Amino acid sequence: MASKKISMKDLDELALTAADVLAQVREAMIEPHPRKVSPTFTSPAIAELCRVDKTQIKYLTQKHSLPAGNRMEGSKAKDYTLEDAITWIQTVGNRPTRPSGQLGKVIAVCNYKGGVAKTSTTVAMAQAATLRGLKVLCVDCDGQGTATQLLGISPEQDVEIGHTIMPYIHDQQPDFRYAVQTTYWHNLSMIPASSGLLAAEFALPAKAMSQRGFPFWEVLKNGIAPLREEFDLILIDTSPSLSYLTLNAMYAADGLIMPCPPDALDFASSVQFWGIFSELIENLPSAKDKSYDFVSVVFTKVQQNEISRIVKEWMKQAYGAHINGVEIPESNAAKTAAAQLKTIYDLSKPDGSAEAYRRYKEPLDRLADFILDQLAIAWSKS
Ligand SMILES: Nc1ncnc2c1ncn2[C@@H]1O[C@H](COP(=O)(O)OP(=O)(O)O)[C@@H](O)[C@H]1O
Ligand SMILES: [Mg+2]
(Lines give C-alpha, C1' and ligand atoms only; values in the text may rest on other atoms or scores of the structure.)
(Ligands and ions follow the chains in the order given, each with its own letter.)
Protein backbone atom coordinates (compact mmCIF):
# COMPACT_ATOMS: atom_id res chain seq x y z
CA MET A 1 0.00 0.00 0.00
CA ALA A 2 1.40 3.37 -1.00
CA SER A 3 1.82 5.54 2.04
CA LYS A 4 0.28 8.99 1.96
CA LYS A 5 2.67 11.90 1.52
CA ILE A 6 2.92 14.25 4.44
CA SER A 7 2.24 17.82 3.38
CA MET A 8 3.28 21.02 5.12
CA LYS A 9 -0.35 21.41 6.13
CA ASP A 10 -0.16 18.01 7.88
CA LEU A 11 2.95 19.14 9.71
CA ASP A 12 1.23 22.35 10.69
CA GLU A 13 -1.65 20.36 12.15
CA LEU A 14 0.77 18.07 13.92
CA ALA A 15 2.49 21.08 15.50
CA LEU A 16 -0.86 22.49 16.66
CA THR A 17 -2.05 19.19 18.11
CA ALA A 18 1.28 18.63 19.87
CA ALA A 19 1.22 22.16 21.34
CA ASP A 20 -2.31 21.50 22.59
CA VAL A 21 -1.32 18.26 24.30
CA LEU A 22 1.74 19.91 25.87
CA ALA A 23 -0.44 22.73 27.22
CA GLN A 24 -2.75 20.16 28.83
CA VAL A 25 0.18 18.26 30.31
CA ARG A 26 1.52 21.48 31.78
CA GLU A 27 -1.83 22.34 33.23
CA ALA A 28 -2.10 18.92 34.86
CA MET A 29 1.47 18.36 36.00
CA ILE A 30 3.28 21.52 36.75
CA GLU A 31 2.71 24.83 38.34
CA PRO A 32 3.25 27.56 35.80
CA HIS A 33 4.11 31.11 36.77
CA PRO A 34 3.01 32.55 39.13
CA ARG A 35 1.89 29.33 40.77
CA LYS A 36 5.33 27.77 40.98
CA VAL A 37 6.21 28.07 44.65
CA SER A 38 9.59 28.41 46.27
CA PRO A 39 10.70 25.85 48.86
CA THR A 40 10.59 26.23 52.63
CA PHE A 41 13.47 25.53 54.99
CA THR A 42 13.63 23.80 58.37
CA SER A 43 15.75 25.20 61.23
CA PRO A 44 18.54 22.62 60.61
CA ALA A 45 18.52 23.60 56.91
CA ILE A 46 18.86 27.28 57.88
CA ALA A 47 21.73 26.38 60.22
CA GLU A 48 23.46 24.44 57.45
CA LEU A 49 23.05 27.25 54.91
CA CYS A 50 24.42 29.76 57.43
CA ARG A 51 27.13 27.33 58.54
CA VAL A 52 26.23 27.71 62.20
CA ASP A 53 25.33 25.09 64.75
CA LYS A 54 21.59 24.48 64.97
CA THR A 55 21.66 25.07 68.71
CA GLN A 56 22.55 28.70 67.93
CA ILE A 57 19.43 29.43 65.89
CA LYS A 58 17.38 30.73 68.81
CA TYR A 59 20.17 32.92 70.11
CA LEU A 60 20.95 34.32 66.63
CA THR A 61 17.27 35.04 65.99
CA GLN A 62 17.23 37.33 69.00
CA LYS A 63 20.67 38.81 68.58
CA HIS A 64 20.08 39.96 64.98
CA SER A 65 16.27 40.24 65.08
CA LEU A 66 16.11 37.61 62.36
CA PRO A 67 12.91 35.99 61.03
CA ALA A 68 11.77 33.40 63.59
CA GLY A 69 10.04 31.10 61.12
CA ASN A 70 6.49 29.75 61.22
CA ARG A 71 5.43 26.95 63.48
CA MET A 72 4.56 23.92 61.37
CA GLU A 73 1.11 22.48 61.88
CA GLY A 74 0.94 19.76 64.54
CA SER A 75 4.62 20.08 65.35
CA LYS A 76 7.01 22.12 67.42
CA ALA A 77 9.32 22.50 64.44
CA LYS A 78 9.50 25.73 62.45
CA ASP A 79 9.81 26.35 58.81
CA TYR A 80 11.17 29.40 57.04
CA THR A 81 10.27 30.92 53.71
CA LEU A 82 12.94 31.28 51.03
CA GLU A 83 13.00 35.02 51.67
CA ASP A 84 13.55 34.42 55.40
CA ALA A 85 16.30 31.93 54.61
CA ILE A 86 18.05 34.47 52.38
CA THR A 87 17.78 37.15 55.10
CA TRP A 88 19.45 34.71 57.50
CA ILE A 89 22.22 33.88 55.04
CA GLN A 90 22.88 37.52 54.26
CA THR A 91 23.02 38.41 57.97
CA VAL A 92 24.98 35.57 59.54
CA GLY A 93 26.08 33.37 56.61
CA ASN A 94 29.48 35.02 56.38
CA ARG A 95 29.70 34.53 52.62
CA PRO A 96 31.67 36.69 50.19
CA THR A 97 29.73 39.73 49.06
CA ARG A 98 30.30 42.12 46.18
CA PRO A 99 32.35 45.07 47.39
CA SER A 100 30.78 48.43 46.65
CA GLY A 101 32.02 49.86 43.38
CA GLN A 102 32.51 46.39 41.90
CA LEU A 103 30.37 45.08 39.09
CA GLY A 104 28.48 41.81 38.96
CA LYS A 105 30.14 38.93 37.14
CA VAL A 106 28.83 37.13 34.08
CA ILE A 107 29.12 33.37 33.64
CA ALA A 108 28.12 31.57 30.44
CA VAL A 109 27.26 27.89 30.56
CA CYS A 110 28.07 26.36 27.22
CA ASN A 111 28.60 23.17 25.27
CA TYR A 112 28.08 22.28 21.64
CA LYS A 113 25.77 19.44 22.57
CA GLY A 114 22.27 19.23 23.96
CA GLY A 115 21.41 17.02 26.89
CA VAL A 116 24.69 17.54 28.77
CA ALA A 117 22.96 19.37 31.68
CA LYS A 118 23.70 22.97 30.65
CA THR A 119 20.26 24.22 31.61
CA SER A 120 19.95 22.09 34.76
CA THR A 121 23.35 23.39 35.88
CA THR A 122 22.56 27.04 35.02
CA VAL A 123 19.28 27.13 36.92
CA ALA A 124 20.60 25.12 39.88
CA MET A 125 23.60 27.46 40.14
CA ALA A 126 21.36 30.52 39.92
CA GLN A 127 19.24 29.20 42.81
CA ALA A 128 22.24 28.04 44.84
CA ALA A 129 23.91 31.45 44.43
CA THR A 130 20.87 33.18 45.96
CA LEU A 131 21.21 30.72 48.85
CA ARG A 132 24.71 32.12 49.29
CA GLY A 133 23.34 35.64 49.53
CA LEU A 134 23.77 36.86 45.96
CA LYS A 135 21.33 38.71 43.75
CA VAL A 136 21.18 36.74 40.53
CA LEU A 137 19.97 37.19 36.96
CA CYS A 138 19.52 34.25 34.63
CA VAL A 139 19.53 35.09 30.91
CA ASP A 140 18.00 32.43 28.71
CA CYS A 141 19.72 32.51 25.33
CA ASP A 142 18.33 29.20 24.12
CA GLY A 143 15.18 29.49 22.02
CA GLN A 144 14.01 26.19 23.50
CA GLY A 145 13.37 28.14 26.70
CA THR A 146 14.07 25.30 29.13
CA ALA A 147 15.64 27.62 31.70
CA THR A 148 12.63 29.92 31.29
CA GLN A 149 10.35 26.96 31.91
CA LEU A 150 12.32 25.80 34.98
CA LEU A 151 12.03 29.30 36.38
CA GLY A 152 8.25 29.05 36.21
CA ILE A 153 7.58 30.94 32.98
CA SER A 154 6.12 29.01 30.07
CA PRO A 155 8.03 30.00 26.91
CA GLU A 156 5.10 29.26 24.63
CA GLN A 157 2.29 30.65 26.79
CA ASP A 158 3.82 33.50 28.78
CA VAL A 159 6.66 34.82 26.66
CA GLU A 160 6.18 37.26 23.83
CA ILE A 161 9.09 38.19 21.65
CA GLY A 162 9.10 41.64 23.28
CA HIS A 163 9.92 39.98 26.64
CA THR A 164 13.11 38.40 25.31
CA ILE A 165 16.46 39.84 24.31
CA MET A 166 15.18 40.35 20.74
CA PRO A 167 14.00 44.01 20.91
CA TYR A 168 17.51 44.99 21.98
CA ILE A 169 19.04 42.85 19.20
CA HIS A 170 16.78 44.74 16.78
CA ASP A 171 18.00 48.09 18.19
CA GLN A 172 14.59 48.90 19.68
CA GLN A 173 15.96 49.18 23.24
CA PRO A 174 19.14 50.76 24.60
CA ASP A 175 20.06 47.72 26.73
CA PHE A 176 18.49 44.67 28.42
CA ARG A 177 16.92 46.42 31.41
CA TYR A 178 13.43 46.31 29.84
CA ALA A 179 13.49 42.50 29.74
CA VAL A 180 14.31 41.65 33.36
CA GLN A 181 11.47 39.83 35.17
CA THR A 182 11.29 38.75 38.77
CA THR A 183 10.51 35.07 39.29
CA TYR A 184 8.86 32.97 42.00
CA TRP A 185 12.36 32.69 43.53
CA HIS A 186 13.45 35.55 45.79
CA ASN A 187 16.53 37.44 44.49
CA LEU A 188 16.48 35.51 41.21
CA SER A 189 15.35 37.44 38.14
CA MET A 190 15.42 36.32 34.56
CA ILE A 191 15.28 37.34 30.95
CA PRO A 192 13.11 34.70 29.31
CA ALA A 193 13.47 33.06 25.91
CA SER A 194 11.07 31.79 23.30
CA SER A 195 11.48 30.20 19.91
CA GLY A 196 11.58 33.72 18.43
CA LEU A 197 15.24 33.91 19.52
CA LEU A 198 16.09 32.08 16.32
CA ALA A 199 15.69 35.44 14.56
CA ALA A 200 18.93 36.58 16.23
CA GLU A 201 20.79 34.13 14.00
CA PHE A 202 19.62 36.14 11.00
CA ALA A 203 19.59 39.63 12.51
CA LEU A 204 23.20 39.57 13.77
CA PRO A 205 24.90 38.44 10.53
CA ALA A 206 22.61 40.76 8.54
CA LYS A 207 23.81 43.69 10.62
CA ALA A 208 27.41 42.61 10.20
CA MET A 209 26.86 42.58 6.43
CA SER A 210 25.14 45.94 6.21
CA GLN A 211 27.33 47.86 8.67
CA ARG A 212 30.97 47.36 7.93
CA GLY A 213 32.97 46.63 11.07
CA PHE A 214 29.87 46.08 13.23
CA PRO A 215 31.06 44.04 16.24
CA PHE A 216 28.32 41.40 16.11
CA TRP A 217 29.98 39.46 18.95
CA GLU A 218 29.71 42.33 21.45
CA VAL A 219 25.95 42.83 21.30
CA LEU A 220 25.06 40.77 24.37
CA LYS A 221 27.96 42.15 26.39
CA ASN A 222 26.77 45.70 25.76
CA GLY A 223 23.13 44.87 26.47
CA ILE A 224 24.02 43.26 29.79
CA ALA A 225 26.46 45.97 30.89
CA PRO A 226 24.08 48.13 32.99
CA LEU A 227 22.65 45.02 34.70
CA ARG A 228 26.03 44.32 36.25
CA GLU A 229 25.33 47.20 38.62
CA GLU A 230 22.17 45.58 39.95
CA PHE A 231 23.07 41.88 39.94
CA ASP A 232 26.01 40.18 41.62
CA LEU A 233 25.92 37.24 39.26
CA ILE A 234 24.50 36.94 35.74
CA LEU A 235 24.25 33.38 34.43
CA ILE A 236 23.66 32.84 30.73
CA ASP A 237 22.19 29.58 29.49
CA THR A 238 23.11 28.91 25.87
CA SER A 239 21.79 26.74 23.08
CA PRO A 240 23.51 23.53 22.02
CA SER A 241 25.40 25.14 19.15
CA LEU A 242 28.10 27.70 18.54
CA SER A 243 25.51 30.11 17.23
CA TYR A 244 25.83 33.90 17.01
CA LEU A 245 24.07 34.14 20.36
CA THR A 246 26.31 31.56 22.02
CA LEU A 247 29.39 33.35 20.71
CA ASN A 248 27.96 36.57 22.14
CA ALA A 249 27.28 34.91 25.49
CA MET A 250 30.80 33.54 25.67
CA TYR A 251 32.21 36.93 24.75
CA ALA A 252 30.07 38.67 27.38
CA ALA A 253 31.23 36.28 30.09
CA ASP A 254 33.90 36.67 32.76
CA GLY A 255 33.85 32.93 33.37
CA LEU A 256 32.87 29.88 31.36
CA ILE A 257 31.40 26.64 32.64
CA MET A 258 31.20 23.68 30.30
CA PRO A 259 29.12 20.81 31.64
CA CYS A 260 30.28 17.63 29.93
CA PRO A 261 29.46 13.99 30.63
CA PRO A 262 32.54 11.78 30.56
CA ASP A 263 31.47 10.02 27.39
CA ALA A 264 33.75 9.56 24.37
CA LEU A 265 31.45 11.33 21.91
CA ASP A 266 30.68 14.19 24.28
CA PHE A 267 34.41 14.59 24.90
CA ALA A 268 35.13 14.63 21.15
CA SER A 269 32.46 17.22 20.57
CA SER A 270 33.75 19.40 23.42
CA VAL A 271 37.22 19.38 21.82
CA GLN A 272 35.68 20.51 18.55
CA PHE A 273 33.77 23.23 20.39
CA TRP A 274 36.90 24.78 21.93
CA GLY A 275 38.67 24.52 18.55
CA ILE A 276 35.94 26.37 16.69
CA PHE A 277 35.56 28.92 19.46
CA SER A 278 39.23 29.88 19.51
CA GLU A 279 39.36 30.03 15.73
CA LEU A 280 36.33 32.30 15.68
CA ILE A 281 37.70 34.56 18.40
CA GLU A 282 41.09 34.86 16.70
CA ASN A 283 39.41 36.30 13.64
CA LEU A 284 37.43 38.94 15.46
CA PRO A 285 39.11 42.28 15.92
CA SER A 286 39.04 43.36 19.61
CA ALA A 287 38.10 39.82 20.66
CA LYS A 288 41.69 38.61 20.59
CA ASP A 289 42.41 40.42 23.86
CA LYS A 290 39.53 38.72 25.63
CA SER A 291 40.42 36.95 28.87
CA TYR A 292 38.46 34.95 31.44
CA ASP A 293 38.58 34.80 35.22
CA PHE A 294 38.05 31.06 34.92
CA VAL A 295 37.15 28.36 32.43
CA SER A 296 35.90 25.19 34.04
CA VAL A 297 34.81 21.85 32.61
CA VAL A 298 32.40 20.08 34.96
CA PHE A 299 31.73 16.36 34.67
CA THR A 300 27.96 15.92 34.56
CA LYS A 301 25.67 12.90 34.45
CA VAL A 302 28.61 10.78 35.59
CA GLN A 303 27.93 7.06 35.56
CA GLN A 304 29.76 4.68 37.85
CA ASN A 305 31.41 2.48 35.24
CA GLU A 306 34.75 1.70 33.69
CA ILE A 307 34.16 3.63 30.44
CA SER A 308 33.28 6.74 32.34
CA ARG A 309 36.46 6.40 34.43
CA ILE A 310 38.59 6.02 31.28
CA VAL A 311 37.04 9.01 29.52
CA LYS A 312 37.46 11.10 32.67
CA GLU A 313 41.18 10.36 32.50
CA TRP A 314 41.35 11.47 28.84
CA MET A 315 39.48 14.62 29.69
CA LYS A 316 41.78 15.35 32.62
CA GLN A 317 44.75 15.04 30.26
CA ALA A 318 43.06 17.23 27.68
CA TYR A 319 41.78 19.98 29.97
CA GLY A 320 44.25 19.81 32.86
CA ALA A 321 43.59 22.40 35.51
CA HIS A 322 40.37 23.42 33.78
CA ILE A 323 38.68 20.24 34.98
CA ASN A 324 36.54 21.14 37.95
CA GLY A 325 36.97 18.93 41.00
CA VAL A 326 33.21 18.59 41.25
CA GLU A 327 31.48 15.64 39.58
CA ILE A 328 27.73 15.59 39.20
CA PRO A 329 26.41 12.04 39.09
CA GLU A 330 23.77 10.66 36.78
CA SER A 331 20.91 10.72 39.23
CA ASN A 332 17.34 9.60 39.66
CA ALA A 333 16.84 12.56 41.99
CA ALA A 334 17.67 14.84 39.02
CA LYS A 335 15.22 13.01 36.80
CA THR A 336 12.43 13.00 39.37
CA ALA A 337 12.79 16.74 39.95
CA ALA A 338 13.00 17.45 36.21
CA ALA A 339 9.85 15.44 35.54
CA GLN A 340 8.01 18.08 37.61
CA LEU A 341 9.97 20.84 35.89
CA LYS A 342 11.87 21.47 39.09
CA THR A 343 15.48 21.45 40.14
CA ILE A 344 16.72 19.79 43.30
CA TYR A 345 16.70 23.21 45.02
CA ASP A 346 12.96 23.55 44.43
CA LEU A 347 12.33 20.61 46.76
CA SER A 348 11.84 21.43 50.43
CA LYS A 349 12.74 17.83 51.23
CA PRO A 350 13.87 14.73 49.32
CA ASP A 351 11.30 13.40 46.90
CA GLY A 352 12.26 9.73 47.04
CA SER A 353 15.51 8.39 48.48
CA ALA A 354 17.21 10.81 50.88
CA GLU A 355 20.56 9.32 49.90
CA ALA A 356 19.96 9.92 46.15
CA TYR A 357 18.92 13.50 46.96
CA ARG A 358 22.08 14.11 48.96
CA ARG A 359 24.35 12.46 46.39
CA TYR A 360 23.07 14.79 43.68
CA LYS A 361 22.69 17.99 45.71
CA GLU A 362 26.00 17.87 47.51
CA PRO A 363 28.20 18.27 44.38
CA LEU A 364 25.90 21.02 43.10
CA ASP A 365 26.41 22.85 46.40
CA ARG A 366 30.14 22.45 45.98
CA LEU A 367 29.97 23.78 42.43
CA ALA A 368 28.09 26.81 43.75
CA ASP A 369 30.83 27.27 46.40
CA PHE A 370 33.42 27.10 43.61
CA ILE A 371 31.60 29.83 41.69
CA LEU A 372 31.36 31.98 44.79
CA ASP A 373 35.08 31.54 45.43
CA GLN A 374 35.84 32.57 41.84
CA LEU A 375 33.69 35.68 42.20
CA ALA A 376 35.39 36.58 45.49
CA ILE A 377 38.83 36.20 43.88
CA ALA A 378 37.84 38.28 40.85
CA TRP A 379 36.28 40.99 43.03
CA SER A 380 39.36 41.13 45.22
CA LYS A 381 41.58 41.67 42.15
CA SER A 382 39.61 44.18 40.09
N1 LIG B 1 22.66 14.57 36.87
C2 LIG B 1 21.67 14.17 36.08
N3 LIG B 1 21.19 12.91 36.14
C4 LIG B 1 20.18 12.49 35.34
N5 LIG B 1 19.56 13.28 34.46
C6 LIG B 1 20.00 14.55 34.34
C7 LIG B 1 21.06 15.07 35.14
N8 LIG B 1 21.26 16.36 34.81
C9 LIG B 1 20.36 16.64 33.84
N10 LIG B 1 19.60 15.56 33.56
C11 LIG B 1 18.53 15.46 32.56
O12 LIG B 1 19.14 15.46 31.27
C13 LIG B 1 18.32 16.16 30.34
C14 LIG B 1 19.12 17.27 29.71
O15 LIG B 1 19.45 18.22 30.69
P16 LIG B 1 19.52 19.77 30.35
O17 LIG B 1 19.98 20.47 31.57
O18 LIG B 1 18.25 20.24 29.72
O19 LIG B 1 20.68 19.75 29.26
P20 LIG B 1 21.07 20.80 28.13
O21 LIG B 1 20.65 22.15 28.58
O22 LIG B 1 22.56 20.65 28.02
O23 LIG B 1 20.37 20.36 26.88
C24 LIG B 1 17.12 16.67 31.12
O25 LIG B 1 16.09 15.78 30.95
C26 LIG B 1 17.61 16.67 32.55
O27 LIG B 1 16.57 16.50 33.46
MG1 LIG C 1 19.45 23.52 27.62
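Small disclaimer: the values here were computed from a predicted structure and weren't measured.

Draft legend 1. Summary view of the site of ligand 1. Neighbouring ligand 1 are 15 residues; Gly115, Thr119, Ser120, Pro329 and Ser331 lie closest to it. Residue Ala117 places a main-chain N or O atom 3.1 Å away from an oxygen atom belonging to ligand 1. Contact with the protein chains hides 79% of the accessible area of ligand 1, taken as 560 Å² for the molecule alone.

Draft legend 2. Layout of the environment of Asp373. Tracing the backbone shows Asp373 in helix α15 (residues 354-381). Given a relative accessible area of 45%, Asp373 falls into the partly exposed group. Distance from Asp373 to Arg95, taken between C-alpha atoms, is 9.5 Å for residues 278 residues apart in sequence.

Draft legend 3. Layout of α15. With 28 residues, α15 should cover 40 Å at 1.5 Å per step; its first-to-last C-alpha distance of 40 Å lies within 8% of that length. Measuring from the side-chain oxygen of the N-cap residue of α15 to the backbone nitrogen of Glu355 gives 3.2 Å; that N-cap residue is Ser353.

Draft legend 4. Quick peek at the side chain of Lys36. For Lys36, the location among the structural elements is in the loop between α1 (8-29) and β1 (41-42). Only 2.9 Å separates the side chain of Lys36 from the backbone oxygen of Leu341, close enough to count as a polar contact.

Draft legend 5. Highlighting a nonpolar patch on the surface. A surface patch of nonpolar side chains, amounting to about 470 Å² of accessible area, comprises Ile6, Met8, Leu11 and Leu14. Checked against the element boundaries, Met8 lands in helix α1. On the accessibility criterion, Met8 (67% relative accessible area) is exposed.

Draft legend 6. The arrangement of the domain arrangement of the protein chain in detail. Each domain of the protein chain was delimited in the assignment, giving domain 1 (41-92) and domain 2 (105-381). Distance between the C-alpha centres of domain 1 and domain 2: 31 Å. In this complex, domain 1 contributes seven residues to the contact, which on the side of domain 2 involves seven residues. Area buried by domain 1 at its contact with domain 2 is led by Leu82, Ile86 and Ile89, which between them contribute 55% of it. At the junction of domain 1 with domain 2, the criterion picks out zero salt bridges. Linking domain 1 with domain 2 are one residue pair in polar contact (both at pLDDT 80 or more), by the criterion used here. Counting residues per element, the side of domain 1 that touches domain 2 draws most heavily on helix α4 (residues 82-92), which supplies five residues. In terms of residue class, the side of domain 1 that touches domain 2 is made up of five nonpolar, one polar and one charged.

Draft legend 7. Spotlight on the environment of Thr55. Mapped onto the elements of the fold, Thr55 is located in the loop between α2 (43-50) and α3 (57-63). Given the relative accessible area of 67%, Thr55 is considered exposed. Reaching out from Thr55, the side chain makes a polar contact with the side chain of Asp53 at a distance of 2.6 Å.

Here is what the cut-offs are and how they apply
Residues numbered from 1 in each chain as written. Chains lettered and ligands numbered in written order. Predicted model: local features only at pLDDT ≥ 70, side-chain atom pairs only at ≥ 80, totals over all residues. Heavy atoms only, no water. Near = heavy atom within 4 Å. Polar contact = N/O pair within 3.5 Å; in protein donor to acceptor, adjacent residues only side chain to side chain. Areas by Shrake-Rupley, 256 points an atom, 1.4 Å probe, with all protein chains shown as cover. Helix = DSSP H or I, 4+ residues; strand = E, 2+ residues; numbered from the N terminus. Buried < 20%, exposed > 50% of the residue type's maximum accessible area, 1.4 Å probe, protein only. Expected span 1.5 Å × (residues − 1). Patch = residues over 30% accessible without salt bridge, like charges linked within 9 Å, V, L, I, M, F, W, Y side chains within 5 Å. Salt bridge = Lys/Arg side-chain N within 4 Å of Asp/Glu carboxyl O. Domains from an automatic or database assignment. Contact = heavy atoms within 4.5 Å. Buried area = accessible area lost by both parts, 1.4 Å probe. Nonpolar A, V, L, I, M, F, W, Y, C, P; charged D, E, K, R; others polar.

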